[in-house]
Amino acid sequence: MLESCRNAQERWGGVHLLIDRWLQERHELINAFDGLHADEGADSRSALQKFCEILLDYVSAGHFEIYEQLLNEAEAFGDKRGLELARQIYPRIEAITEVAVAFNDRCDKGECLESAGFPEELKRLGQLLHERFELEDCLIEVLHTAHKQAATPA
């Protein structure tokens, strides 16, 4: 019994650190997004490039690291409710990721700054990122926090 708890802690304790790092990246992403509204002129191009870089890193980490780990953890704990929630939420997160990647592809060199529709596009991206953060928080709560107690040795 104690051995299985120890194994769970070793296996899933690192997920917590991974999530912490990812949430720190989220904070950097939000700061970079806010910086787009503060920078004018020559600095706006470099602020946009920085934002695009952080945006791509953040969404990539979600898809290639975090979600996979959360799903693996839920499967290991036999969490059918959590897995079903993930199946419901993931398509929306994926759709938002596609918008973020398309924004990056169009704007990572800063050319879209002169576009008349850029302010509205940026506003819409901000709304979608906010939605994504809420969905991710829900996944973290259901797929990780619920298992944290089971993975922690008594």
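Above: the structure in question.
Cut-off values and rules
Residue numbers run consecutively from 1 along every chain, following the written order of its sequence. Where local features are concerned, this predicted model is filtered to residues with pLDDT of at least 70; where side-chain atom pairs are given and counted, the filter is 80 or more; whole-chain, interface and lining totals use all residues. Processing note: side-chain calculations cover all non-hydrogen atoms of the structure and skip hydrogens and water entirely. Pairing of aromatic rings covers Phe, Tyr and the six-membered ring of Trp, with a centre-to-centre limit of 6.5 Å; geometry is then stacked below 30 degrees between planes, edge-to-face above 60, and tilted otherwise. Helix numbers and strand numbers start at the N terminus; a helix is a DSSP run of H or I with at least 4 residues, a strand a run of E with at least 2. Helix span, expected: 1.5 Å multiplied by one less than the number of residues in the helix. Consider a residue and the seven residues that end there alongside the seven that start there; fitting an axis to each set, the bend is the angle between those axes. Three labels apply to residues, based on accessible area from a 1.4 Å probe with only protein chains included: buried if under 20% of the type maximum, exposed if over 50%, partly exposed otherwise in between. Distance and chemistry together define a polar contact, namely a pair of N or O atoms within 3.5 Å, with one atom able to donate a hydrogen and the other to accept it when in protein, and with adjacent residues in sequence counting only for side-chain atoms on both sides. Disulfides are defined in this document as cysteine sulfur pairs within 2.5 Å.

**Considerations on the packing of aromatic side chains**
Move 1: Following the criterion strictly, the structure yields 7 aromatic pairs and no others.
Move 2: With 5.9 Å between their ring centres and 90 degrees between their planes, W22 and Y67 make a pair best called edge-to-face. With W22 in helix 1 (residues 2-38) and Y67 in helix 2 (residues 42-76), this residue pair connects regions lying 45 residues apart in the sequence.
Move 3: One aromatic cluster is present, built from ring pairs that chain together W22, Y58, Y67, Y90 and F133.

**Comments concerning helix 3 (residues 80-107)**
Move 1: Between its terminal C-alpha atoms helix 3 stretches 40 Å, which fits the 40 Å expected from 28 residues at 1.5 Å a residue.
Move 2: In helix 3, a bend of some 35 degrees at I89 exceeds every other bend along the element, and P91, a proline, comes one to four places later.
Move 3: When helix 3 is considered as a whole, its buried residues turn out to be G82, L83, L85, A86, I89, I93, I96, T97, A100, F103, N104 and C107.
Move 4: With a side-chain oxygen lying 3.4 Å from the backbone nitrogen of R81, the N-terminal cap of helix 3 falls on D79.

**Looking at the state of the cysteines**
Move 1: By the definition in use, this model includes 1 disulfide.
Move 2: Here C107 connects covalently by a disulfide to C112, the sulfurs 2.1 Å from one another. What sets the handedness of the C107 and C112 disulfide is the S-S torsion sign, and at about 130 degrees it is right-handed.

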